Amino acid sequence: MWSWAHSIRTVFRRLDPVLWKASDYNPVVLLGQVSQETLQRAAADPRYVAAYRRACELHDAYLKSSDGMGQMSAPGQPMLAAYFSMEFGLIDCLPIYSGGLGVLAGDHLRAASDSHLPLVGVGLLYQRGFLQQTLDPDGWQQERAPVNDFHSLPITPLTRSDGSDVTVTVTLAGTPVHLKLWRIDVGRVELYLLDSNIAQNSDPAHREITSQLYGGDQQKRIRQEIVLGMGGVRALEALGLEPTVYHMNEGHSAFLALERIRVLMQRENLSFEEAQAASRVNNVFTTHTSVPAGIDLFESGLMYQYFADYCRETGISFEDLLALGERNRDDPRAPFSMAIAAFKTSAYRNAVSRLHRSVSQQMWQDLWPKLPVWEVPITSITNGVHLPTWVNGDLAALYDQYLRPDWPEEHQGSETWGQVAEIPGTELWEAHRRRKRRLVAFVRERAGASAMARKAAAAEVKRLQEALDPEVLTIGFARRFATYKRATLLFRDMGRLTRILTNPSRPVQVVIAGKAHMSDGPGKTLIREIVEHSRNPDLAGRIVFVEDYGIQVARELVGGVDVWLNTPRRGEEACGTSGMKAGMNGVLNLSILDGWFDEAGEATGGWAIGDREPYSPDRDDAHASGLYSLLEDEIVPLYYENREQGVPVEWVQRVKQSLSYVSANFNCQRMIGEYRKELYEPAHQAFVEAASGGFRQPREQVSWNHFVAANWPEVRIVECRVGDNAAVLAGTPVPVRATVELAGLSAGDVRVEAVVGRVGAEGQLADTQVLALRPIEEQGTKVLFGMEFMPLATGRLGCSVRIGPNHFNDPLTRPCNMPLKWADEG
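This report concerns the structure included in the present document. Everything numeric in this text was worked out from a predicted model, so none of it was measured.

Side note on the overall build of the chain
Next up, step 1: When helices and strands are tallied, the chain shows 27 helices and 30 strands.
Next up, step 2: Computed over C-alpha atoms, the radius of gyration of the chain comes to 29 Å, within 12% of the 28 Å expected from 2.2 N^0.38 for 826 residues, which places it in the range of a compact globule.
Next up, step 3: Summarising its shape, the C-alpha atoms of the chain cover approximately 90 × 75 × 50 Å along the three principal directions.
Next up, step 4: Restricting the contact set of the chain to residue pairs at least 6 apart, pairs at least 24 apart contribute 71%.
Next up, step 5: For the chain, the exposed surface amounts to about 33200 Å²; the carbon and sulfur share of it is 49%.

Listed below in structure tokens is the structure:
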């Protein structure tokens, strides 16, 4: 809890500030190294004892408050969601994350704890975690992977009553691999981590499975993902937990679906198809990827090596197993896609912003042939960030004075954030200046230490130790150095940028941080280019690159800069949450309209670069020019001009707008509430219904699927009529009639729908409605379906009719590759 509760973190920091920092903010290390004299001195200090008691009371009250944990969504089995993720970003001293995906997963657990959501996390415990970054004298990224000492981290090994470790076993290519279980208590939520580096595994390759996040070849990657997905399900079973919802955070854990199918086949005597239907109803898949390159693919030979035994055990053909992860079943060379497997085995799928939903629908349309892009069943829940974790201490102290007392718990309400307007501008500005001074000190110390570590010249060390000015407008840019994020867009016209940065009366400075993946050469090149610019004598102290970007560096930056810069190619940033963290700290966003900022835009008090045009390479120059113009004409003047008692009045008004809007709309509690209402509770209820009567429902569904499939080739729409040749007037009902050859199926076996909308310039439908037609009259094996609709628009309208099997209730749970026929076929 110290990672988000300021009053608890204070207890550790005040005990020994120097040791607290040296321990990488790790209480286990701190308490193991602090001197007895220091403890006795603290125990004799009534101020410290009072702070300690307050922290204990907060901790105990939080954990004892269990309202809603284990709450039933409906009569019957209590809901429990299991959240699987390849990485979790919780604290800096536990480096089992690489970037945004892991930090989001950590915030997901914290918000679930705050919201009393019954949830457990499942992941891997990496012996070396992700890379630590340093720069060589030429500015090239170098990586180190120091070994984690698990016994000096805030994690607990799980043991049985006899003291032995709790372990589970998975079989990899015919060899059993043993996995030790560890637990992290994230508030009320428990996170379980699997560890293969134990003595029971004699093969070094098996002990190396959990050695490092995103390291190694395809052999290691498939082993990691089998351990996460299949081993994770077995771990929950070993702990006596029975989740009713399984949430895959990206496709890495998609093998959990195969394990669930196997278990249901064995325990409930279901066929493979029946077990797949039963398990699919409560699998949730969140996709974070906007580009195909970000998806794990495994060749069929590699899949056979690891899943031949599985096929023999479950009695299915290897080809049918591969089909779960194949985009095109007719291509014998098609690899097995983890994302496609997750889509096909999940009834609920979501993107992580509204724009990302549109991008994902286009990426994956061919999994739902003949369905319009806008109707591809992928919903969206825009990410959020855990506000108590990311709001800085100075701002939190102001909130304690001016906002309602329960603001840390009830930070969804607009009433709470409307009170930000009552904070005096002078106090808000001074709080920000304190964070900015702290940031400058942090950057100087860190950059200077890095320079000395690489044995830089004394002049360079001195320059870095004197870099930045707390009175100067400061731009922050920090993220993973993938090329699509365009980290060097700001440096596209160095002449113009130099004039902006070195303006004698209105200077600007830039702080940059970020890591490139160890195998990402282009990303490393971008870092080197920025470092070269930072060493330009004409820009001395105006550009600083901060090494080894992580959670603590992010805290300092999002709390201390003035402007947060984000320049991805539009449509390629799934969501992005660093701008949310900055906005919650009163830092104004300057961003491309992508991801979350496409929804928020200038309502945040910030500025949008460019428009909503699709990205093309020729947009780079236009975006760079637009960025410079915003700085020259709006942002820099607004920061330096119109000051009253040293406070930039209009700037502070924008800061208040950012604090109130971003905090109310992009916090993780809102996100968790949407997951619960839109995905978890429907999935839980669907599984309760599927499991009733000895899984009668999925057994009947598979039998019905076979019956429909046998007759489907003969099903067709014979005739379709729209209107009665009279003029169509607004407010006048329009009849739609369709005669359908059912070829032995009943009217209840099919879903006949009219798709109505305005006809666009290229013949496509826009502003569409999907309307269900009801059976009116039987005509032998044919049935007349019909309904009347009220046009919602004037102008040129279009309508088509389609038919599909009627085996889903919610359009968002529509299975992949579901048959569909339109009126113009045949």
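A look at the pattern of salt bridges
Next up, step 1: Overall, the coordinates contain 50 salt bridges when judged by the stated rule.
Next up, step 2: For aspartate 185, the salt bridge identified is with arginine 183, shortest N-O distance 2.8 Å.
Next up, step 3: Between glutamate 572 and arginine 569 there is a salt bridge whose closest N-O contact spans 3.7 Å.
Next up, step 4: We classify glutamate 572 as buried; its relative accessible area is 18%.

As for unusual backbone geometry
Next up, step 1: Of note in this structure, phenylalanine 695 is not a glycine but carries a positive phi near 60 degrees.
Next up, step 2: Here phenylalanine 695 is to be found in helix 27 (residues 668-711).
Next up, step 3: Overall, the relative accessible area of 6% leaves phenylalanine 695 in the buried class.

Some words on helix 21 (residues 521-534)
Next up, step 1: Relative to the 20 Å expected for 14 residues at 1.5 Å per residue, helix 21 spans 20 Å between its end C-alpha atoms, a close match to the ideal helical length.
Next up, step 2: Considered for burial, the residues of helix 21 that qualify are Gly523, Lys524, Leu526, Ile527, Ile530, Val531, His533 and Ser534.
Next up, step 3: Contacts made by the buried residues of helix 21 are with strand 3 (132-135), strand 4 (141-144), helix 19 (458-465), helix 20 (494-501), strand 16 (508-513) and strand 17 (543-546).

What to know about the environment of leucine 745
Next up, step 1: By the secondary structure assignment, leucine 745 is in the loop between strand 24 (734-741) and strand 25 (750-759).
Next up, step 2: You can call leucine 745 buried: its relative accessible area is 7%.
Next up, step 3: Expressed as a C-alpha distance, the spacing of leucine 745 and glycine 579, which sit 166 residues apart in the sequence, is 54 Å.
Next up, step 4: Here leucine 745 is in contact with Phe707, Val708, Asn711, Trp712, Val715 and Val750, once residues within four sequence places are set aside.

Structural notes on the sheet that holds strand 25
Next up, step 1: Spatial ordering of the open sheet is given by 26-25-29-30, a layout of 4 strands whose pairing is antiparallel. If you trace the sheet from one side to the other, it starts and ends with strand 26 (765-772) and strand 30 (821-822), each paired once.

A closer look at the sheet that holds strand 20 (residues 607-609)
Consider a sheet: its strands pair through backbone hydrogen bonds, and that pairing is either parallel or antiparallel.
Next up, step 1: If you walk across this open sheet you meet the 6 strands as 17-16-15-18-19-20, and the pairing is parallel. Strands with a single pairing partner mark the edges of an open sheet, and in this sheet they are strand 17 and strand 20. Averaged over all adjacent pairs, the angle separating strand axes in this sheet is 20 degrees, with direction ignored.
Next up, step 2: Note that strand 18 (residues 563-566) and strand 19 (residues 588-592) share 4 bridges and pair parallel. Bridging from a neighbouring strand, tryptophan 564 pairs with asparagine 589 of strand 19.
Next up, step 3: Across the sheet, helix 22 (residues 551-560) touches strand 15 (473-478), strand 16, strand 17 and strand 18, and the angle it forms with strand 16 is around 160 degrees.

So, how was this worked out
Residues numbered from 1 in each chain as written. Predicted model: local features only at pLDDT ≥ 70, side-chain atom pairs only at ≥ 80, totals over all residues. Heavy atoms only, no water. Helix = DSSP H or I, 4+ residues; strand = E, 2+ residues; numbered from the N terminus. Rg over C-alpha atoms; globule rule 2.2 N^0.38 Å. Contact = heavy atoms within 4.5 Å. Areas by Shrake-Rupley, 256 points an atom, 1.4 Å probe, with all protein chains shown as cover. Salt bridge = Lys/Arg side-chain N within 4 Å of Asp/Glu carboxyl O. Buried < 20%, exposed > 50% of the residue type's maximum accessible area, 1.4 Å probe, protein only. Expected span 1.5 Å × (residues − 1). Pairing = 2+ DSSP bridges. Axes fitted to C-alpha atoms, helices over the stretch in contact; angles between N-to-C directions.

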